[in-house]
Amino acid sequence: MDTALVHYSAAAATDRGRKRPTNEDAYGFSVEHGVFVVCDGMGGAAAGEIASSLAVDEALARLKSRNLAIDPPLAAEEAVAAANHAIFSRSQRNPRLSGMGTTLVGLLAEDRRVWFLNVGDSRGYRLRDQRLEQITLDHSLVEEQVRLGRMTHAEALRSPLRNVITRALGTQTQITPDIFSLQAAPGDLFLLCTDGLTRELTDAEIQATLASNLPLEHLCAQLVHAAKKAGGSDNITCLLVRVEN
Ligand code: CA
């Protein structure tokens, strides 16, 4: 039936990894409201953790209470602006938190349409018909060079500048997120994740894991396990969202 609402299910996992003393990644979601967010914080001391959790809390609260009469991309833009403001003003008030920031990759689902929102180098993927496709574009120095044809993907992975991101939440008064929508089809599986997953595993490895069709909690656990086994040099976070019908 075309009139039936599309249902989503979700699961997530986060792990400190094997090298980092703390976990600066954060995630949050509400299946009921169709809102899913993953953030990867940066900054000295505990600043990265504060930035990522502030961004998740603020974006989630805004999107959950969004006015449904407002266009989803506008609601998403407002939520990202609010998260940006929350982090920026906190760092202005506390010099020890100066310069903290975070990535944000999110998904807003309304019936058959999903909106991706992205700032930084965390990623959104879609698995459809067993094929994994990266949906978001990294806002990173090396990936922008790759897109311009000035660097190969292999060079980007090895570059000493690979950690430099060109957009982050909380470091400036204004931020422009990428926001775009896709039509969701039953069986689609969306993955939101931090670079602690995508630096350790190739897209082919992620695809092979996701194609196994296990419960979402198991898939999350398998991805984290595989990333740790491959080195676990950074915090690892994955959030899976499945379009049920
Ligand atoms: Ca990271």
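Residues numbered from 1 in each chain as written. Predicted model: local features only at pLDDT ≥ 70, side-chain atom pairs only at ≥ 80, totals over all residues. Heavy atoms only, no water.

### A word on the overall build of the protein
- Within the protein, the secondary structure is distributed over seven helices and 11 strands.
- The C-alpha radius of gyration of the protein comes to 17 Å, within 12% of the 18 Å expected for a compact globule of 245 residues.
- When the backbone C-alpha atoms are referred to their principal axes, the protein occupies close to 55 × 40 × 35 Å.
- The proportion of buried residues among the 245 residues of the protein is 50%.
- Across the protein, contacts joining residues at least 24 apart in sequence account for 69% of those joining residues at least 6 apart.
- Working note: accessible area of the protein is about 11,500 Å², and carbon and sulfur atoms make up 50% of it.
- Computed over 25 positive and 30 negative side-chain charges, the inter-centroid distance for the protein is 5 Å. (Helix = DSSP H or I, 4+ residues; strand = E, 2+ residues; numbered from the N terminus. Rg over C-alpha atoms; globule rule 2.2 N^0.38 Å. Buried < 20%, exposed > 50% of the residue type's maximum accessible area, 1.4 Å probe, protein only. Contact = heavy atoms within 4.5 Å. Areas by Shrake-Rupley, 256 points an atom, 1.4 Å probe, with all protein chains shown as cover. Lys, Arg positive; Asp, Glu negative; His and termini not counted. Charge placed at Lys NZ, Arg CZ, Asp CG, Glu CD.)

### Details of the coordination of the calcium ion
- Around the calcium ion, the protein supplies Asp40 (OD), Asp195 (OD) and Asp234 (OD) as donor atoms, at distances of 2.3 to 2.4 Å.
- Here the donor residues of the calcium ion share one chain and are spaced in sequence as D-x154-D-x38-D. You can see Asp40 sitting in strand β3 (residues 35–42) and its partner Asp234 sitting in the loop between α7 (216–229) and β11 (236–243), a full 194 residues away along the chain.
- For Asp40, a relative accessible area of 9% translates into the label buried.
- You can call Asp234 buried: its relative accessible area is 12%. (Donors = N, O, S within 2.8 Å, 3.2 Å for Na, K, Ca; no water.)

### A word on a nonpolar patch on the surface
- Nonpolar side chains collect at one region of the surface, where Leu141, Leu161 and Val164 lie side by side and expose about 210 Å² of accessible area between them.
- With respect to the helices and strands, the residue Val164 is situated in the loop between α4 (153–158) and β9 (178–183). (Patch = residues over 30% accessible without salt bridge, like charges linked within 9 Å, V, L, I, M, F, W, Y side chains within 5 Å. Salt bridge = Lys/Arg side-chain N within 4 Å of Asp/Glu carboxyl O.)

### What about the sheet that holds strand β7 (residues 123–128)?
- Taken together, five strands build an open sheet; the order of strands is β1-β11-β10-β7-β8 and the sheet is antiparallel. Taken across any chain shown, the strands that pair with only one partner, and hence form the sheet edges, are β1 (8–15) and β8 (131–134). Averaged over neighbouring strand pairs, the angle between their axes works out to 20° when direction is ignored.
- Pairing geometry for strand β10 (residues 189–193) and β11, over five bridges, is antiparallel. What sits directly across from Cys193, in β11, is Cys238.
- Along the sheet, helix α6 (residues 203–210) contacts β7, β8, β10 and β11; its crossing angle with β8, the most-contacted strand, is approximately 130°.
- On top of the sheet, α7 reaches β1, β10 and β11; it is set at about 150° to β11, its chief contact. (Pairing = 2+ DSSP bridges. Axes fitted to C-alpha atoms, helices over the stretch in contact; angles between N-to-C directions.)

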